[in-house]
Amino acid sequence: RMAGTYARILVPLLLLRTWFVPLSMITIAFERQGALLTMQIVIVIISVSMFSIGKYQGLQIIPFLWLQTVSGTIAYSAGLYWLYKIAESKPGNNEI
């Protein structure tokens, strides 16, 4: 029962992550691995920050999952938009 509650909260984050991971291979085709590294570092920093906030605020599991989902959804949405802008550019063009 609780697993279903947790799953419903995490679905948006997991859906965006499922789209982001295979689409991130666009950076290899467009020779923009540095951009992917930057995106991944930002996502890790956001995730670690949310864990820290959850720990120091003493959040229970449900509010913590909401915090992770909202922040992760924003981060992965921005990452998907960034990938879209890379895909729009010409291969080898580093002006993004």
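Quick caveat, the model's predicted, so the values are computed rather than measured. (Residues numbered from 1 in each chain as written. Predicted model: local features only at pLDDT ≥ 70, side-chain atom pairs only at ≥ 80, totals over all residues. Heavy atoms only, no water.)

Observations regarding the overall build of the chain
In terms of helices and strands, the chain carries 4 helices and 0 strands. Helices and strands in the chain line up, N terminus first, as α-α-α-α. Here the C-alpha coordinates of the chain stretch approximately 45 × 25 × 15 Å along the principal axes. Per-residue burial for the chain yields a buried fraction of 28% across its 96 residues. At a minimum sequence separation of 6, the contacts of the chain that also span at least 24 residues come to 72%. For the chain, the accessible area works out to roughly 6400 Å², and carbon and sulfur atoms hold 69% of it. (Helix = DSSP H or I, 4+ residues; strand = E, 2+ residues; numbered from the N terminus. Buried < 20%, exposed > 50% of the residue type's maximum accessible area, 1.4 Å probe, protein only. Contact = heavy atoms within 4.5 Å. Areas by Shrake-Rupley, 256 points an atom, 1.4 Å probe, with all protein chains shown as cover.)

Section: a nonpolar patch on the surface
A cluster of nonpolar side chains, Leu15, Trp19 and Leu23, forms an exposed patch at the surface whose accessible area comes to about 290 Å². For leucine 15, the position within the fold is in helix H1 (residues 2-23). (Patch = residues over 30% accessible without salt bridge, like charges linked within 9 Å, V, L, I, M, F, W, Y side chains within 5 Å. Salt bridge = Lys/Arg side-chain N within 4 Å of Asp/Glu carboxyl O.)

Remarks on the environment of glycine 79
Tracing the sequence through the fold places glycine 79 in helix H4 (residues 61-88). Using a relative accessible area of 4% as the deciding quantity, one classes glycine 79 as buried.

Comments concerning the packing of aromatic side chains
Geometry of an aromatic ring pair is reported as the spacing of the ring centres plus the angle between the planes. As enumerated under the stated definition, the model contains 3 aromatic pairs in all. Look at phenylalanine 20 and tyrosine 76: their rings are 5.2 Å apart centre to centre, the planes differ by 70°, and that puts the pair in the edge-to-face class. Linking phenylalanine 20 in helix H1 with tyrosine 76 in helix H4, this pair joins segments that are 56 residues apart in sequence. A residue is classified by how much of its surface remains accessible, and phenylalanine 20, at 1% relative accessible area, is buried. Using a relative accessible area of 7% as the deciding quantity, one classes tyrosine 76 as buried. Judged by centre distance (6.4 Å) and plane angle (35°), the ring pair of tyrosine 81 and tyrosine 84 falls under tilted. (Phe/Tyr/Trp six-rings, centres within 6.5 Å; stacked < 30°, edge-to-face > 60°.)

By themselves these figures say nothing about function.
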